Amino acid sequence: MMRYFLSIAMVSMLISCSAIKVNYDYDKAVDFSNYSTYNYYSDMESGLSQLDEKRLLRALDSTLKARGYRLAEEPELFINIMSNEFRKAPSNNVGVGIGGRGRNVGGGISVGLPLGSSGIQRSIQFDVVDAQRDALVWQAMTESGYKDNASPSVREDKLKALVKKVFSKFPPKVQ
């Protein structure tokens, strides 16, 4: 029985460490088929290191190009990226208890095992703004694990996976 609980605890921990969580929002009144060009705000302060920002923008450019969007000096859409890092507390606890009852004697032992990563997390927010109206039309907010000592190739792969997941729902499907 105890092995069963420990197995579940380990699987939960592994799943929670690698997941990229994304929340989306967009203006339902906007017809996204009218947009074909984009650029980034010139005064964008992403909060990423220069190297990570370059990696992220390369992944984003590649993704948007594959979807038919073109980088332009006078774009129809502006993209702003903001990020921050924070330490996340472990989110779950599993209690394992052992107890006994005798005729007149009672007692018990309880052990708490924290699950999940308490490591560094990074949140990145992507704002897509209609350039002509200066109005936010689409937004995605992400949260994922982050290791500041990861190799450049691991960082690049992580950012590519993040962009792929975030922009898998851009442009939004008409409902």
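Here is what the cut-offs are and how they apply
Residues numbered from 1 in each chain as written. Predicted model: local features only at pLDDT ≥ 70, side-chain atom pairs only at ≥ 80, totals over all residues. Heavy atoms only, no water. Pairing = 2+ DSSP bridges. Helix = DSSP H or I, 4+ residues; strand = E, 2+ residues; numbered from the N terminus. Contact = heavy atoms within 4.5 Å. Axes fitted to C-alpha atoms, helices over the stretch in contact; angles between N-to-C directions. Salt bridge = Lys/Arg side-chain N within 4 Å of Asp/Glu carboxyl O. Buried < 20%, exposed > 50% of the residue type's maximum accessible area, 1.4 Å probe, protein only. 1 Å grid on protein atoms, 1.4 Å probe; cavity = no way out; pocket = protein on both sides within 12 Å on 5 of 7 lines; lining within 4 Å. Points joined across faces, edges and corners; volume = space filled by probe spheres on them. Phe/Tyr/Trp six-rings, centres within 6.5 Å; stacked < 30°, edge-to-face > 60°. Parallel < 35°, antiparallel > 145°, perpendicular 65-115°, else oblique. Left-handed = near helix turned anticlockwise from the far one by under 90°.

Take the sheet that holds strand 3 (residues 70-71) next. Read across the sheet, 6 strands follow the order 1-8-7-4-2-3 without closing on themselves; strand pairing throughout is mixed. The open sheet has two edge strands, strand 1 (21-26) and strand 3, and neither has a second partner. Along the sheet, helix 3 (residues 152-166) makes contact with strand 1, strand 7 (120-130) and strand 8 (135-145), crossing strand 8 at roughly 135 degrees.

A word on the pattern of salt bridges. Under the counting rule described, the total for this entry stands at 5 salt bridges. Across the pair D130 and R133 runs a salt bridge whose closest N-O atoms are separated by 3.5 Å. When salt bridges that share partners are traced, they join D52, R55, R122 and R155 into one network.

With that out of the way, let us pick up the side chain of R155. By secondary structure assignment, the location of R155 is in helix 3. Classification of R155 as buried rests on a relative accessible area of 15%. Leaving out residues up to four positions away in the same chain, R155 has contacts with D52, R55, Y146, K147, D148, N149 and A150.

Attention now moves to empty space enclosed by the protein. This model, assessed by the stated rule, comprises 2 cavities of 30 Å³ or more. By volume, the largest cavity amounts to about 40 Å³. Considering the residues around the largest cavity, the lining is formed by R122, I124, S144, G145, Y146, K158, L159 and L162. Counting residues per element, the ones that place at least two in the lining of the largest cavity are strand 7, strand 8 and helix 3. With 3 residues, the top contributor of residues to the lining of the largest cavity is helix 3.

Let us look at the packing of aromatic side chains. Here the structure, examined in full by the defined rule, presents 10 aromatic pairs. Between F32 and F170, the aromatic rings sit 5.9 Å apart at their centres with planes inclined by 85 degrees, giving edge-to-face as the arrangement. With F32 in the loop between strand 1 and strand 2 (37-40) and F170 in the segment after helix 3, the pair connects residues that are 138 residues apart, well separated along the chain. Judged by relative accessible area, F32 falls into the buried class, the value being 7%.

A few words now on unusual backbone geometry. Glycine aside, negative phi is the norm for most residues, and most peptide bonds take the trans geometry. Following F170, the chain continues into P171 via a peptide bond in cis, with omega recorded as -10 degrees. Note on placement: P171 falls in the segment after helix 3. Located in the positive-phi region is D134, a residue other than glycine, with phi close to 50 degrees. If you trace the backbone, D134 turns up in the loop between strand 7 and strand 8.

Two faces, one strand: in a regular strand the side chains alternate between the faces of the sheet. Relative to strand 4 (residues 77-87), strand 2 runs parallel, the two sharing 3 bridges. Within the sheet, the bridge partner assigned to Y40 lies in strand 4 and is I79. Relative to strand 7, strand 4 runs antiparallel, the two being bridged by 11 bridges. Within strand 7, the position partnered with R87 by the bridge is I120.

Relative to each other, helix 2 (residues 50-66) and helix 3 sit at 40 degrees, their axes nearing to 9 Å. What the angle tells us is that helix 2 and helix 3 run oblique. Handedness of the crossing formed by helix 2 with helix 3: right-handed. Contacts between helix 2 and helix 3 involve D52, R55, L56, R58, A59, L60 and T63 from the former and P152, R155, E156, L159, K160, L162 and V163 from the latter.

As far as function goes, none of this settles anything; it's purely spatial.
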